[in-house]
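# What the coordinates show
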Amino acid sequence: MSAVSAPTGERSARQIAWSRRLRAGKASWAIYRTSGIGLAGLAIIVAFVVIALLAPLLANKSGTLITYVAEQHQPHNAPPSLAYPFGTDHFGRSVLTQVIWGARVSLLVGAIATLGALLIGSAIGLSAGFFGGRVDGILMRLTDWFMVIPWLGLALVLAAIMGKGLVSIITVIVITSWAFPARVIRAQSWAVSSRPFVERARAIGSRDSHIIATHILPNSMPIIFTQMVITGASAIYTESLLSFLGMGDPNSVSWGTTLEDAFNQGALTAGHWWQIVFPGMCIILAILALTMIGYAFDQVLNPRLRDR
Amino acid sequence: MNESVLSLRNVEITYQLRSGPVPAVRGIDLDVPAGSVVGLAGESGCGKSTVGNAILRLLPEETDVTGQILMQGQDILLMKGKELRAVRWGQASIIFQGAMHSLDPVKRIDEQIAEAIQAHDAKITPKATSQRVGELLEMVRLPARRGREYPHQLSGGQKQRVMIAMALACKPALVIADEPTTALDVMVQAQVLDLLRELQAELGLAVVFITHDLSVLTEICDRIAIMYAGKLVEEGDADTIFTQPSHPYTKALGGAFPRIGNLEDRFTPAGLDGDPPLPQAMPSGCAFHPRCPVAFDRCAIEDPERFPTPTGGTAACLLLGETRSRA
Amino acid sequence: MSEPLLEVRDLRVLFHGHKSITDSLRGTTPAAAVAVDGVNLSIAHGEILAIAGESGCGKTTLARTIMGLQTKESGAILLDGRELSTSRRDLRDHRKRVQIVFQDPAGALNPRQTIYEVIAEGIRVQKLPGDELERVAAALSQAGLRPPKAFFERFPHEVSGGQRQRVAIAAALALEPEVIVADEPVSALDASVKGEILQLLLRLRDDLGLTMVVITHDLGLAWAIADRIAVMYLGKIVELGPTEEVLTHPKHPYTEALLSVVPEAGRPQRIILTGEAPDPTRIPEGCRFNPRCPLLADEGDQPIRVRCLGESPLLRSVASGHEVACHLVD
């Protein structure tokens, strides 16, 4: 089978644990690799991340400042050309520069918000599924409550209280996104907790916290990963929309704020399509890519989908 | 004139999975005379369920099935469309493994049985259908009024009876029962077996009884065929096959069921080392040789054909062929 | 060694139903299911006791309560004369000394843990001294998996069914228990594989002096490995005694019926009981077997009939060590 079939007797327990993780990881990757859609999605996201990381090398940050471009006498509302592949906006800023630097904010906000939402969602979901009974009842009422909060209204309220900016946006996304994954993770946690090996863990005297960490969490990781990807897609969408509506940080540029500027400057009526299409396409592509990755994850998780 | 209601001739079945072909059945011959009960026994992976499903052509499209499956003289493997549908349920029906879970939870029992009837006779009137449903329920010793209930209101044993009623809906000549009593308690199992035996005698049904539970087989079957790793290893009379086994596997299998009351079986549980082979890792020669207590050198090279046994059956063991001269 | 190792005294275990909205409105409480209804057992050192019965008789609940995995309504579990309390420390100590082997080896082992980690977990949780690697290897060896180190890094699903059950047994042995509770230890295995696992259990009793409680529905299994057998029906023990006695000279009509439908017992006549075991929330008055009792159906004698319908019979001795709970056996 694999190269680890006949280990030497001298391996320590820690080595065994790590070799197990490595084997499991390789096996998952081997399955993931068979999905063309999954690879495409992964490639797109990786491309965006690379662009975001290499932003300083790819475009001059000053190119996002109105004062700078005014000094540079960059053309206003110029359609795409060799000098400005994505054209320029109302103030003369290169849309390409906006998009490259915007990737940073959009992806970062998306990632932080997703992480926050999943940390809360996992903690609540795993506990509710494992403990059951009253704990489950209370946690699920809480989850229900948060699931129905209209996020737009909440966003406006928070913007009024906390002021505009990325912190507000991240907060809104976390508050409104943790509930759905919590439900899904709870279902999985409950299923895992009902299996005999969890009862066995109790039978050998394990503490609840140990059981959750060693048994429930690892067997729920696939679902958690998938939820992370799904929540990520919606986080990017929400960030873009909120920025578009004016709640973004006026001092930083994201895909959403780029769209906001474009609309405020009447790009639609003036026919300056490049100011809308390019940032819009990035948002769509990012969300699409994450959805595709989610689809491929499903194939890894569900063996029955694989044989088709 | 063929007396057998079902005849399998050199049937080989290979599943086509994404990971490659899997030979589940590697050549089986079986005869089921009209009105008799033939048991198909074996452990996990031996191919018995595959055979059961193949008889009604219920295996996935891509599966390779070669050989002949003759249902009342006609080869099912050559049939298509309407002809095939007429055979399914009309000539032969099947009671699946875990059948109790095959009932639709949101439909009443009588509706589900009626479905089976109407699928085969589009012109039947609702009144006649309802009458037939009532008849069938009475046949399986359930009061007709229980037809108005939903599956969850019935116990495991009662649900199994409903499955039997459904299988008999179109008056088949052959019923294939795939592990029909496996999930039931011994007492309920006895009740269901009793019922099956009565119905079989009353209606003159031929039954192919597929199970891994040998004690059940000796109760109800006339003849028993034992499968191992996709092949038939022994076939013979139900009364003598375990008391006078010819194949070492049959002997070992029989030994795994301790006889209560026999002091020799106290504290001496018998079994075989190792596990039944997976289709993907079939041993060379006789598939049983790695676990066989009396295997000798030729067993690893030659796959034995079937030789006659002293008790009137056949067994695929080189030891039986020892006395014959081989070309 | 004359003192019993494990004792169960007058154990009652109930499963309370959920109060539905209609119950709240009407002020009613849903009936509780009596899973175990006053069970007494006394298990000696090195003994193998089989607890037999059909599904719903309470045998699995009894096993789980002995393990401390199920809360009891009343009664006591005693290990070496000391009563098991609900305190955390007590439970922890108890769980080192009494271990369980589940029915389905595939479900009983975490698919994400290697065989090494499955067995090491118990050692770590109970903080057993000494070299962990050696302990794991020893447990695997005792369970017949040799060479042990070849199994360390494999996953449970990478070995066969029989080997998986050995892993489960090794995981129990790693804690050096005194009692093993085996819940249907071979029912999920192929017939030809059962024998070797049963042989292993017998060897463990002989070599390590382990005491075992084997839960099973298979009377043949009890015949093969049990010293004594207790037959349960709807939460009560109806017959108890040495296996040979009980299975060749059954006294309770339920035991007789069960044996009669098992072909391996070679009983002359099949007694097929009507219907199925009743709901544990609606246990019949008097002797709970009376709705299905074939003896009662024949019994024309009024006074005894009245007893069966009104009074629940107690376990009474009919021969040395052989007890039966039935009014009609005297």
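Conventions adopted
- Residues numbered from 1 in each chain as written.
- Chains lettered and ligands numbered in written order.
- Predicted model: local features only at pLDDT ≥ 70, side-chain atom pairs only at ≥ 80, totals over all residues.
- Helix = DSSP H or I, 4+ residues; strand = E, 2+ residues; numbered from the N terminus.
- Rg over C-alpha atoms; globule rule 2.2 N^0.38 Å.
- Contact = placed C-beta atoms within 7 Å.
- Buried ≥ 20, exposed ≤ 12 C-beta atoms within 10 Å, placed from the backbone.
- Domains from an automatic or database assignment.
- Nonpolar A, V, L, I, M, F, W, Y, C, P; charged D, E, K, R; others polar.
- Pairing = 2+ DSSP bridges.
- Axes fitted to C-alpha atoms, helices over the stretch in contact; angles between N-to-C directions.
- Core = buried A, V, L, I, M, F, W, Y, C linked by C-beta atoms within 7 Å.
- Left-handed = near helix turned anticlockwise from the far one by under 90°.

## So, the overall build of chain B
Within chain B, the secondary structure is distributed over nine helices and twelve strands. For 327 residues, the compact-globule formula gives about 20 Å, and the C-alpha radius of gyration of chain B, at 21 Å, lands near that figure. Over its C-alpha atoms, taken along the principal directions, chain B stretches across nearly 65 × 50 × 45 Å. Restricting the contact set of chain B to residue pairs at least 6 apart, pairs at least 24 apart contribute 64%.

## Some points on the overall build of chain C
Helices and strands together make up the secondary structure of chain C, namely 13 helices and twelve strands. Taking 20 Å as the expected radius of gyration for a compact globule of 330 residues, we find that chain C reaches 21 Å, a close match to that expectation. For chain C, the C-alpha atoms occupy an extent of roughly 70 × 55 × 40 Å along the three principal directions. Counting the 330 residues in chain C, one finds 52% classified as buried. Counted over contacts in chain C with a minimum sequence separation of 6, partners at least 24 positions apart contribute 66%.

## Side note on the environment of L65 of chain A
Residues and elements named next belong to chain A. Along the chain, the position of L65 falls in the loop between α3 (55-58) and α4 (66-71). The exposure class assigned to L65 is partly exposed, which follows from the 16 C-beta atoms found within 10 Å. Note: C-alpha distance between L65 and M140 (75 residues apart in sequence) is 47 Å.

## Quick word on the domain arrangement of chain B
Residues and elements named next belong to chain B. When the domains of chain B are assigned, the result is domain 1 (4-228) and domain 2 (245-327). Using C-alpha coordinates to define each centre, domain 1 is positioned 29 Å away from domain 2. Contacts between the two partners involve eleven residues from domain 1, matched on the other side by eleven residues from domain 2. Elements with a minimum of two residues in the side of domain 1 that touches domain 2: β2 (20-33), α7 (214-220) and β9 (223-228). If one sorts the elements of the side of domain 1 that touches domain 2 by residue count, β2 sits on top with three residues. Considered class by class, the residues forming the side of domain 1 that touches domain 2 number seven nonpolar, three polar and one charged.

## Notes on the interface of chain C and chain B
The interface of chain C with chain B comprises 35 residues on the first partner and 33 residues on the second. Those elements that provide at least two residues to the side of chain C that touches chain B are α7 (161-173), α8 (191-208), α9 (219-225), α10 (243-248) and α11 (253-260) of chain C. A total of nine residues in the side of chain C that touches chain B trace back to one element, the largest contributor, which is α8 of chain C. Here the residues of the side of chain C that touches chain B are counted per class, giving 17 nonpolar, eleven polar and seven charged.

## A few points about the sheet that holds strand β10 (residues 231-237) of chain B
All names here are of chain B. Strand order in the open sheet formed by eight strands is β6-β7-β8-β3-β9-β10-β12-β11, with mixed pairing between adjacent strands. In the strand order of this sheet, the two ends are held by β6 (92-95) and β11 (307-308), each with one partner. Examined bridge by bridge, β10 and strand β12 (residues 314-315) share two bridges and lie antiparallel to one another. Within the sheet, the bridge partner assigned to E234 lies in β12 and is A315. Strands β6 and β7 (174-178) of the sheet are contacted by helix α5 (residues 156-167), whose axis makes an angle of about 170° with β6.

## A closer look at unusual backbone geometry
The residue after R146 of chain C, namely P147 of chain C, is reached through a cis peptide bond having omega -5°. Within the secondary structure, P147 of chain C sits in the loop between α6 (132-142) and α7. One non-glycine residue, H73 of chain A, lies in the positive phi region at around 55°. With respect to the helices, strands and loops of the structure, H73 of chain A is situated in the loop between α4 and α5 (95-131). Assessed through the 8 C-beta atoms surrounding it within 10 Å, H73 of chain A is described here as exposed. Positive phi outside glycine occurs at D10 of chain C, with the angle close to 50°. Examined against the element boundaries, D10 of chain C turns out to sit in strand β1 (residues 6-15).

## Observations concerning the nonpolar core
If you look at the biggest cluster of nonpolar residues, it comprises 267 residues, and the most contacted ones within it are V208 of chain B together with I119, A170, V181, V213 and L219 of chain C. For this core, the leading source of residues is α5 of chain A, giving 15 residues. Looking at which domains feed residues into this core, each of domain 1 (4-228) and domain 2 (245-327) of chain B supplies at least three.

## Examining helix α2 (residues 59-67) of chain C
Residues three or four positions apart in an α-helix share a direction because the helix packs 3.6 residues into each turn. All names here are of chain C. The element α2 is largely enclosed, with a buried count of eight among its nine residues. Listing the buried residues of α2 in full gives K59, T61, L62, A63, R64, T65, I66 and M67. G68 sits one or two positions beyond α2 and adopts a positive phi of about 85°.

## Some details on the packing of α5 of chain A against helix α9 (residues 179-193) of chain A
Residue and element names in this part refer to chain A. Between α5 and α9, the least distance of the axes is 7 Å, while the angle of their chain directions is 35°. Between α5 and α9 lies a crossing of right-handed hand. Contact residues: α5 offers A117, L118, G121, S122, I124, G125, L126, A128, G129 and F130, while α9 offers P181, A182, R183, I185, R186, A187, Q188, S189, W190 and S193. In terms of residue class, the contact of α5 with α9 is built from eleven nonpolar, seven polar and two charged.

## Considering the sheet that holds β1 of chain C
Residue and element names in this part refer to chain C. Taken together, the four strands give an open sheet; going across it, the order is β2-β1-β4-β5, and neighbouring strands pair in antiparallel fashion. In this open sheet, the two strands that pair with only one neighbour each are β2 (33-43) and β5 (82-83). For β1 and strand β4 (residues 74-79), the ladder comprises five bridges, and the chain directions are antiparallel. In the sheet register, R12 faces β4, and the bridge partner there is S74. Along the sheet, α2 makes contact with β1, β2 and β4, crossing β2 at roughly 60°.

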